[in-house]
Amino acid sequence: MSKISYDAIIIGAGFSGLYQLYKLRDKLKLNCRVLEKGSGIGGTWYWNRYPGARCDTESHAYTYFFSEEIFKEWEWSERYPGHAEIRKYLNYVSNKYSLNEDIQLNTEVNSATFDEENNSWILKTKNDEIFKCKFLITAVGCISTTNIPNIKGLKKFSGDYYHTGNWPKNDVDFSGKRVGQIGTGSTGIQAAPVIAEKAKHLTVFQRTPNFSVPARNKPLSKEFKEYVKNNYDELKSIVKETPNGHAFRISEKLTFDVDQKEREKKYEEYWEKGGLQFRGVFKDIITDKKANDSASFFLKKKISQVVKNKEFAKILTNFDHPYGCKRPPIDTNYFETYNKDNVHLVDIKNDPIIEIDEKGIKTKNNYFKLDTIVFATGYDAMTGTLINLNITGENNLNLKDYWNEGPKTYLGLQIPGFPNMFTITGPGSPSVLTNMPTAIEQHVEWVTDCISYMIENNFNKVSTSEKNSLEWGKQVKEAADKTLLPTVKHSWYLGANIPNKPRVFMPYAGGLPTYTKICETVKNNNYEGFAFS
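Residues numbered from 1 in each chain as written. Predicted model: local features only at pLDDT ≥ 70, side-chain atom pairs only at ≥ 80, totals over all residues. Heavy atoms only, no water.

Visitor: Describe the packing of aromatic side chains, with residues and values.
Guide: Two measures describe an aromatic ring pair: the distance that separates the ring centres and the angle between the ring planes. Applying the stated criterion to the full structure yields 52 aromatic pairs. Judged by centre distance (5.1 Å) and plane angle (55 degrees), the ring pair of F15 and Y64 falls under tilted. With F15 in helix α1 (residues 15–27) and Y64 in the loop between α2 (44–47) and α3 (68–73), this residue pair connects regions lying 49 residues apart in the sequence. F15 gets classed as buried once you look at its relative accessible area, which sits at 6%. (Phe/Tyr/Trp six-rings, centres within 6.5 Å; stacked < 30°, edge-to-face > 60°. Helix = DSSP H or I, 4+ residues; strand = E, 2+ residues; numbered from the N terminus. Buried < 20%, exposed > 50% of the residue type's maximum accessible area, 1.4 Å probe, protein only.)

Written out as structure tokens, the structure is:
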């Protein structure tokens with residue numbers, strides 16, 4: 001079968017893939033193709049359509065900043081955009097730049113193999129197509145490979161079951177149904193209130209209680225929309241200057257710089273303000289245990305006040321980790337949902353799931369008859385989707401084997417032994433610890449500059465070394481160890497939600513501005529750490 005050749009192939013048509021296509025095709029004039037598994041663009045938002053699915057970054061920050069024209073033309077409707085509105089936005093961007101012409105949908109990549117003799121990548125798809133390219137860019141997202149736990153008897157279940165990350169496009173009707181939801185991470189916290197509104201009964205199976213702060217979502221006022229459009233430069237500066245890439249600044253005050261009365265006043269103010277800004281109430285919440293204990297105690301108290309059932313309140317606040325050190329959810333009426341008569345909570349740490357049979361879920365002490373099961377059980381984050389692409393580099397090196405003790409990258413941008421392949425928001429970069437579009441723009445622009453440098457200097461190959469990846473791995477660990485993040489041993493930041501996955505803290509926790517400065521220094525030193533030929 002003949003190979004279809006391109007200068008660059010990009011895998012994935014979400015925020016990363018669209019912007020990378022625009023930069024390589026329109027700015028560098030390369031012949032490019034985007035291969036997308038789904039039947040539409042949107043990346044993670046193509047698949048995540050579960051009840052209540054919406055972004056936890058405020059809409060005026062969850063956006064492209066590379067184009068002031070786009071920024072001012074588009075108008076978000078809510079403080080936190082829902083999944084449908086995000087897809088609408090990405091389609092708007094795609095149509096504006098005619099990106100669809102070079103996006104191939106319904107195309108799942110089965111393998112990618114580096115052809116050393118011809119210095120090119122060979123991709124094979126599920127549709128039996130073969131592609132050849134000089135540059136391979138993975139834009140597959142960090143949380144896109146779903147994780148359904150291997151629970152005994154699941155296949156016997158006579159009802160329907162779904163994973164929130166692979167939700168049916170025509171939605172699911174829960175009317176009159178007895179629903180079981182397994183998982184209470186950020187997805188489960190969004191889904192439960194919406195499911196409870198329609199379902200006859202909802203049983204939530206919780207393993208690990210999670211902190212959550214009210215989102216305070218609302219339609220955007222005309223005045224705020226005008227403020228956003230008139231402050232493009234300022235908002236762009238803020239997202240690039242703040243550690244998490246959000247459009248709010250973190251306080252310079254330390255928790256114990258103020259007395260208890262002032263602390264309580266600040267916590268109340270930020271609780272009412274809502275959203276991820278609560279993390280920024282004081283500078284040291286994520287780095288100092290005593291400071292974190294103060295914030296955690298406040299949140300535990302607020303949640304206990306909301307939940308009327310004292311047994312449920314105890315289960316929901318039996319926290320075993322510091323606030324903000326797992327992915328910090330925000331919610332709309334999550335804890336209020338447990339005040340409904342048709343909602344029940346099961347603590348599966350004390351009453352674990354034993355098996356699923358035809359009619360429901362059996363725990364150690366109880367049995368729950370169900371019509372539908374919803375798995376809000378997360379993803380094989382950061383590495384899973386890359387490994388599932390079945391990538392083989394130089395000397396027949398398979399990525400899965402190379403990462404069997406944890407991911408090794410240089411700057412989260414390239415993997416030793418895999419030349420001319422770039423990983424947008426790969427492990428070892430700030431990625432999931434930030435507002436993703438901000439991190440994506442920084443990566444895409446760096447990759448574009450690197451490829452431009454190669455073209456200008458007639459280079460055909462770029463690679464990095466094991467030594468550089470190990471040195472960078474040390475920096476990633478050092479950055480994490482300055483925070484409380486690695487203390488949560490069951491966090492997916494360490495891969496702990498996937499059986500037999502290596503326990504390595506994967507994202508770079510030193511903040512986006514620091515990371516950007518490192519990448520710029522590398523670039524300005526003729527891409528120090530990368531070898532060209």
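Having seen it, we continue.
Visitor: Explain empty space enclosed by the protein to me, using residue names and the numbers behind them.
Guide: Using the criterion set out here, one finds 4 cavities of 30 Å³ or more in the structure. Taken together, S59, H60, T63, F71, W74, E75, W76, L220, F224, K225, V228 and K229 form the lining of the largest cavity. A total of 4 residues in the lining of the largest cavity trace back to one element, the largest contributor, which is helix α6 (residues 222–230). Across the lining of the largest cavity, the residue classes break down as 6 nonpolar, 3 polar and 3 charged. T138, A139, V140, G141, C142, M382, L386, T423, I424, T425, G426 and P427 are the residues that line the second largest cavity. Residues belonging to the lining of the second largest cavity are distributed by class as follows: 7 nonpolar, 5 polar and no charged. (1 Å grid on protein atoms, 1.4 Å probe; cavity = no way out; pocket = protein on both sides within 12 Å on 5 of 7 lines; lining within 4 Å. Points joined across faces, edges and corners; volume = space filled by probe spheres on them. Nonpolar A, V, L, I, M, F, W, Y, C, P; charged D, E, K, R; others polar.)

Visitor: I'd like a rundown of the pattern of salt bridges, residues and numbers included.
Guide: All chains considered together, the criterion is met by 26 salt bridges. Taking the shortest distance from any N to any O, the salt bridge between E75 and K225 comes out at 3.5 Å. With E75 in the loop between α3 and α4 (83–96) and K225 in helix α6, this pair connects stretches of sequence that are 150 residues apart. Between R249 and E241 there is a salt bridge, and its shortest N-O distance comes to 3.1 Å. (Salt bridge = Lys/Arg side-chain N within 4 Å of Asp/Glu carboxyl O.)

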